[in-house]
Amino acid sequence: WRAPASKQSERSARGRPASAAAPSTMQNRYTRLGETCYGKLDKISAELFTLTYGALVADLVRNYKDVDEVNGKLEQMGYNIGLRLIDEFLAKSGVPRCGSFRESAEIISRVGFKMFLNVTPEVGNWNEQGTSCTFALEDNPLEDFVELPSSAKGLKYCNLLCGVLRGALESVHLAVESEIVSDALMGDARTEIRLTLKHIIEDQTNEDYHDE
Amino acid sequence: CGLRRAARERPRWGAMARTAAVALVDAQNAPLFLKRFDAGEDLDLLFTVHSALDSFEETMLPGRKAARKSYLGLLNLIDGQAVYGFLSNTLVKTIVVLDVAASGFAVPSDTVMEDLLKRLYNCYVATISNPFFELGTPLQAPSAKGGDAPAAGSHEAQLELQRSFERRISAVVQAAVIA
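What you see is a predicted model; the values in this text were computed from it and never measured. (Residues numbered from 1 in each chain as written. Chains lettered and ligands numbered in written order. Predicted model: local features only at pLDDT ≥ 70, side-chain atom pairs only at ≥ 80, totals over all residues. Heavy atoms only, no water.)

**Student:** Help me understand the interface of chain B and chain A, please; the structure alone is not making it clear to me.
**Tutor:** Each partner contributes residues to the interface: chain B has 13 residues there, and chain A has 16 residues. Roughly 1100 Å² is buried in total at the junction of chain B and chain A, and carbon and sulfur atoms are behind 62% of that figure. When residues of chain B are sorted by the area they lose upon contact with chain A, S129, P131 and F132 of chain B head the list and together hold 50% of the total. Notably, a salt bridge pairs R168 of chain B with E147 of chain A, separated by 2.1 Å at the nearest N-O pair. Scanning the region where chain B abuts chain A turns up 4 residue pairs in polar contact (both at pLDDT 80 or more). Of all the secondary-structure elements, those providing two or more residues to the side of chain B that touches chain A are α3 (110–129) and α4 (153–175) of chain B. Considered class by class, the residues forming the side of chain B that touches chain A number 5 nonpolar, 4 polar and 4 charged. (Contact = heavy atoms within 4.5 Å. Buried area = accessible area lost by both parts, 1.4 Å probe. Salt bridge = Lys/Arg side-chain N within 4 Å of Asp/Glu carboxyl O. Polar contact = N/O pair within 3.5 Å; in protein donor to acceptor, adjacent residues only side chain to side chain. Helix = DSSP H or I, 4+ residues; strand = E, 2+ residues; numbered from the N terminus. Nonpolar A, V, L, I, M, F, W, Y, C, P; charged D, E, K, R; others polar.)

See below:
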């Protein structure tokens, strides 16, 4: 029995947390799961999706002159999509309960994004408590061919994705805040979404409910 | 002695032909976009492009439609200018006019020209695929006539996109090495 104990001490001696070995296998497991699920789902043409989203955003910009209102509308639409998408996601992927927010983030990136958008954003920039991270999209299928005119300055083109994250996670009792912190269309290197866990939603029972 | 002088004056083999102009013409043969890269009259360019359109028409005849490829190659060689054409499936014609007189009438290879024409056509595709570009607005930015106040929001946006299209085309042409 000495062998396991020495491995444990080795790991802590190197200064890494004890679960350092586990995340990489967990990550691989989720990557494989993501690829399998992506393989099983029906596909549509990427250009069709991009152009449809583009038409949607352009139409919103034309109708609501105020850019902030458009951002709000996109987020709201995303929220409604997320509420429904989570059921599809859980049904198709069958992922079990997550042990931590870190695990949730990995699943969102490697299984969720992979299944629906065929991209795997890089999860990084964790804060100290492990409750906030960024998803960095190197190559964003929503933003192909798009060039923002200067009249649409401040438009968060991918705000729909933020809404989807918020809606989907709310359905699994995680209250989160998601926002775009850097946007490739505004000249930054890549598009990044910051996801912050606010609190876990407890089951709320009605005040009138009495245990009989 | 006279012969030797002529030999010295003749440009070396492999000197590059310069792109004189780029033009895009739509399915109804109306000009979409014209740009000259050398000093010359726009009217001359229109004439050159117009005469090249006949070659496009030939490939659109019922008999030849089936065998037609997008890249049509060298259409015309007049006045020291070589005209190359590319016909898309939506019948949008991309035309490049090369100034070959300077390089001793050396005509560049088909692969190089096909690549250039495809890249120019892709600039067009990228610009119209932009969701903020209103289809039907002209691709050609209106020539600056002094005194025009900047137009309302959406017109400004279209103007920006027109200018960005022009920049893209220019970038492709600058990057193209025609040997």
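**Student:** Help me understand a negative patch on the surface, please; the structure alone is not making it clear to me.
**Tutor:** Residues and elements named next belong to chain B. Judged by side-chain charge, E41, D42, D44 and D79 come together as a negatively charged surface patch. Inspection of the secondary structure puts D79 in the loop between β3 (71–78) and β4 (81–87). Taking the relative accessible area as the measure of exposure, D79 reaches 76% and is therefore exposed. (Patch = residues over 30% accessible without salt bridge, like charges linked within 9 Å, V, L, I, M, F, W, Y side chains within 5 Å. Areas by Shrake-Rupley, 256 points an atom, 1.4 Å probe, with all protein chains shown as cover. Lys, Arg positive; Asp, Glu negative; His and termini not counted. Charge placed at Lys NZ, Arg CZ, Asp CG, Glu CD. Buried < 20%, exposed > 50% of the residue type's maximum accessible area, 1.4 Å probe, protein only.)

**Student:** Would you take a moment to explain the sheet that holds strand β1 (residues 18–25) of chain B for this structure?
**Tutor:** Sheet strands pair via backbone hydrogen bonds, and the direction of the pair is either parallel or antiparallel. All names here are of chain B. With antiparallel pairing, the 5 strands of this open sheet are ordered in space as β2-β1-β5-β4-β3. The open sheet terminates on both sides in strands that have one partner only, identified here as β2 (31–36) and β3. The average undirected angle you get between the axes of adjacent strands in this sheet is 20°. In terms of strand pairing, β1 meets strand β5 (residues 93–99) through 7 bridges, oriented antiparallel. Across the sheet, the residue bridging to V22 is V96, located in β5. (Pairing = 2+ DSSP bridges. Axes fitted to C-alpha atoms, helices over the stretch in contact; angles between N-to-C directions.)

**Student:** So what exactly am I meant to see when it comes to unusual backbone geometry here?
**Tutor:** As a rule of thumb, non-glycine residues mostly have phi less than zero, and peptide bonds are mostly trans rather than cis. All names here are of chain A. Positive phi, normally seen in glycine, also occurs at N118, with a value near 55°. With relative accessibility at 35%, the residue N118 sits in the partly exposed group. Positioned with a positive phi, F145 is a non-glycine residue whose angle comes to about 65°. Mapped onto the secondary structure, F145 falls in the loop between β2 (132–137) and α6 (159–171).

**Student:** Quick question: what am I supposed to make of a nonpolar patch on the surface here?
**Tutor:** Residues and elements named next belong to chain B. Residues L74, L77, F105 and V107 make up a contiguous nonpolar surface patch of about 350 Å² in total accessible area. Looking at the secondary structure, you find L77 in strand β3. On the basis of relative accessibility, which here comes to 43%, the residue L77 falls in the partly exposed class.

**Student:** Explain the pairing of β1 of chain B to me, please; I cannot follow it from the model alone.
**Tutor:** The side chains of a regular strand alternate between both faces of the sheet. Residues and elements named next belong to chain B. Where burial is concerned, most of β1 is hidden: 7 out of the 8 residues are buried. The sheet contact formed by β1 and β2 spans 5 bridges and is antiparallel. When the sheet's bridge partners are listed, L24 is paired in β2 with F33. Between β1 and β2, which pair antiparallel in sequence order, lie 5 residues; one of them, N29, sits at a positive phi of approximately 65°.

**Student:** What is the right way to look at the sheet that holds strand β3 (residues 174–182) of chain A in this model?
**Tutor:** All names here are of chain A. With antiparallel pairing, the 4 strands of this open sheet are ordered in space as β1-β2-β4-β3. Edge positions in the sheet fall to β1 (122–124) and β3, since each has one partner strand and no second. Each neighbouring strand pair of the sheet contributes to a mean axis angle of 25°, computed without reference to strand direction. Note that β3 and strand β4 (residues 191–200) share 8 bridges and pair antiparallel. Bridge pairing in β4 links I180 to I193. Contacts from helix α5 (residues 101–117) reach β1, β2, β3 and β4, with the element oriented near 15° to β2. Relative to the sheet, α6 contacts β2, β3 and β4, its axis offset from that of β3 by approximately 165°.

It is worth stressing that arrangement in space is one thing and function is another; only the former is reported here.
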